Structure formats: structure tokens, C-alpha cells
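Residue-level structure breakdown
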Amino acid sequence: RLEKTRQGVFKTIESKLAVKGKTLIRRFEDISKHLKQHQENEAAVVAMEKFKSNVIIERAHLNDGIYDTFDKVYFLINSDHISGDELIKVTKQLHSWPYLLELDMDAADNNHRRERNAMEDRLRDQRTRFESQMEYHLENIEKFMQNSKLTLYATTMADVERFEQLIEQLDEEMDDITARENMLFNFASSFDQYVQIKDDLLPYLEMWHAVNRFMTE
């Protein structure tokens, strides 16, 4: 009876070790799958970098779990109390995962570095294009502010609407650029020239709206 009890205890330990090993394997598989994802935008790049940092910490805990499992499995083997093949199979799978995860981390670092570099280059190009547009817009705005006349009221109000739409579009693009810069570089361009253009133009547009209200009342 005592021997039967001992066998039952060892079988329970063996079963629990198999469950623990499978849980560790599933977590390694989940990490590996996540590391192989491609990043399509800046937010995803930043999230992946945070994930990889967390994996470095979690990997130490996973390895501790592996070592603890191996110690108990070796105890059962040395005690000749392995009753089936499942735990041995799980242990063999578990043994390879630290090395496989190291390979996945190295590959992910290389892939994600390329993805980040490509995003940074595209963002810099977009910022350069945005800034180069300012000279063109500034020239048009100066012409508008110098040449708009009450005698050209209808034409001027059409220009007012056009410039308001332009400011809205430029605001959206500037917000997009600065949001992405904050994610990738932890800073954002100030776009001083564009801000100055807005500061000069918006009060002038509002003045023409006041004229429009007077003319249509």
C-alpha cells in the first residue's frame, strides 16, 4: 500500500511537470510568433521595441522555470519513476527553446531595425517636403494679402475658402508628422515658418469673414 501511494505521488508530480513544461513551451511559441510580425507603422515599431525589452526580462523567468522543471525531471529519472513518454518528449522540446528564442530575438532585431530605419527615412522625406512647400505657400499668401480688395469681393471670398482648406490640410499633415516624430525620435519639429504663416493669415481671413457677414446682412 505504501508503495502504491509513493507511485501515485510520483505520477502526480510527473503529470504536473508535463503540464508546466507545455505551458512554458506555449509561451515560448507565442513570443516567437510575435517577434516574427512585421511592423507597418510607427506605433507598431515602438510597441515591438517595448515587447522585446519585456521579453529580455521574461526570458530570465522562463529559463528559471525550465531549470526548475529539469531538476525535477532528473530527480524522477534517477529515481526510476518516469511512467510514460510524454514528460520526456516535453522535456526535449523545452530544452531547445532558449536557443531557438535567442535566434528569433537576433532575427527580430535585424528585421525591426530595417523597418524602423525605413520609417525614419520616409518621415524625414515627408518633413522635408512639408518644409519646402512653405516657400511656395508663403508667396501665394503674401500675394493674396496684398492684392485682395473689396471691389473683388466674390473672388476674395473664394480665395478665403481655398486658404482655409489649405490651412486645414497643412495642420493635419503637420500633426501627423509631429506625432510620428514623437513616437520614433521622442521630439517633434516646431515648423516655425508654418506657424508664422498661420499667425499672419488667420486674422486676415477672419477679417474677410466679418466683411462677408456685413455684405450679406
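Residues numbered from 1 in each chain as written. Predicted model: local features only at pLDDT ≥ 70, side-chain atom pairs only at ≥ 80, totals over all residues. Heavy atoms only, no water.

1. Details of the overall build of the chain
Selection criterion: Helix numbering and strand numbering both begin at the N terminus, where a helix is a DSSP run of H or I of at least 4 residues and a strand a DSSP run of E of at least 2. Classification of residues uses two cut-offs on accessible area relative to the type maximum, computed with a 1.4 Å probe and protein chains only: under 20% is buried, over 50% is exposed, and between them is partly exposed. Note on contacts: a residue pair is in contact if any heavy atoms of the two residues lie within 4.5 Å.
Across its full length, the chain holds five helices and zero strands. Reading the chain from its N terminus to its C terminus gives the helix and strand order α-α-α-α-α. Each principal axis of the C-alpha distribution contributes one length, and for the chain these read about 110 × 35 × 20 Å. The buried share among the 217 residues of the chain stands at 35%. Counting only contacts in the chain whose residues sit at least 6 apart along the sequence, the fraction spanning at least 24 positions is 82%.

2. Focus: the packing of helix 2 (residues 42-78) against helix 4 (residues 153-185)
We apply this condition: Only C-alpha atoms enter the line fits that serve as axes; for helices the fit covers just the stretch in contact. Angles between N-to-C directions range over 0 to 180 degrees. To sort the angles, those under 35 degrees are grouped as roughly parallel, those over 145 as roughly antiparallel, those from 65 to 115 as roughly perpendicular, and the leftovers as oblique. By convention the crossing between two helices is left-handed if the near helix lies anticlockwise of the far one by an angle smaller than a right angle, and right-handed if it lies clockwise. Amino acids outside the nonpolar list (Ala, Val, Leu, Ile, Met, Phe, Trp, Tyr, Cys, Pro) and the charged list (Asp, Glu, Lys, Arg) are all regarded as polar, and Gly is one of them.
Between helix 2 and helix 4, the shortest axis-to-axis distance is 9 Å and the interhelical angle comes to 20 degrees. Viewed along their axes, helix 2 and helix 4 adopt a mutual orientation that is roughly parallel. Helix 2 and helix 4 meet at a crossing whose hand is left-handed. Note on element contacts: helix 4 touches helix 2 through Arg180, Met183 and Leu184, opposite Glu42, Ala43, Val45 and Val46. When grouped by side-chain class, the residues that make up the contact of helix 2 with helix 4 number five nonpolar, no polar and two charged.

3. Here's the deal with helix 4
Put simply, the test is: Between the first and last residue of a helix there are one fewer steps than residues, each counted as 1.5 Å, and that sum is the expected span.
For helix 4, with 33 residues, the first-to-last C-alpha span of 46 Å sits near the 48 Å given by 1.5 Å per residue. With its phi angle positive at about 60 degrees, Asn186 sits one or two positions after the end of helix 4.

4. Side note on the packing of aromatic side chains
The cut-off we apply is this: Think of it this way: a Phe, Tyr or Trp ring, Trp meaning its six-membered ring, pairs with another when their centres are within 6.5 Å, and the plane angle makes it stacked under 30 degrees, edge-to-face over 60, tilted otherwise. Both a distance and an angle decide whether a charge sits over a ring: NZ of Lys or CZ of Arg must be within 6 Å of the ring centre and within 35 degrees of the ring normal.
Inspection of every chain in the model, using the stated rule, returns seven aromatic pairs. Here the aromatic rings of Phe70 and Tyr74 are separated by 6.1 Å at their centres, their planes lie at 40 degrees, and the arrangement is tilted. Of the two residues, Phe70 and Tyr74 both sit in helix 2, four residues apart, roughly one turn of that helix. Judged by relative accessible area, which is 45%, Tyr74 ranks as partly exposed. An angle of 80 degrees between the planes, with centres 5.7 Å apart, marks the rings of Phe130 and Tyr194 as edge-to-face. Of this pair, Phe130 sits in helix 3 (residues 86-147) while Tyr194 is found in helix 5 (residues 192-216), placing the two residues 64 residues apart along the sequence. Grouping residues by exposure puts Phe130 and Tyr194 together as buried. Chaining the aromatic ring pairs together yields one cluster made of Phe130, Phe191 and Tyr194. Of note, Arg162 hangs over the ring of Phe163, and the distance from its end group to the ring centre comes to 4.6 Å.

5. Some thoughts on the pattern of salt bridges
Test applied: Only one rule defines a salt bridge in this text: a Lys or Arg side-chain nitrogen within 4 Å of an Asp or Glu carboxyl oxygen.
Using the criterion set out here, one finds 17 salt bridges in the structure. Taking the shortest distance from any N to any O, the salt bridge between Glu49 and Arg116 comes out at 2.6 Å. Here Arg116 lies in helix 3 and Glu49 lies in helix 2, a separation of 67 residues in the sequence. Residue Glu49 is classed as partly exposed on the basis of its relative accessible area, which comes to 29%. A salt bridge links Lys72 to Asp68, with the nearest nitrogen and oxygen atoms 2.7 Å apart. In this pair, Lys72 and Asp68 are both assigned in helix 2, four residues apart and thus about one turn of the helix distant. Through salt bridges with shared partners, one network takes in Glu49, Arg116, Glu120, Asp121 and Arg124.

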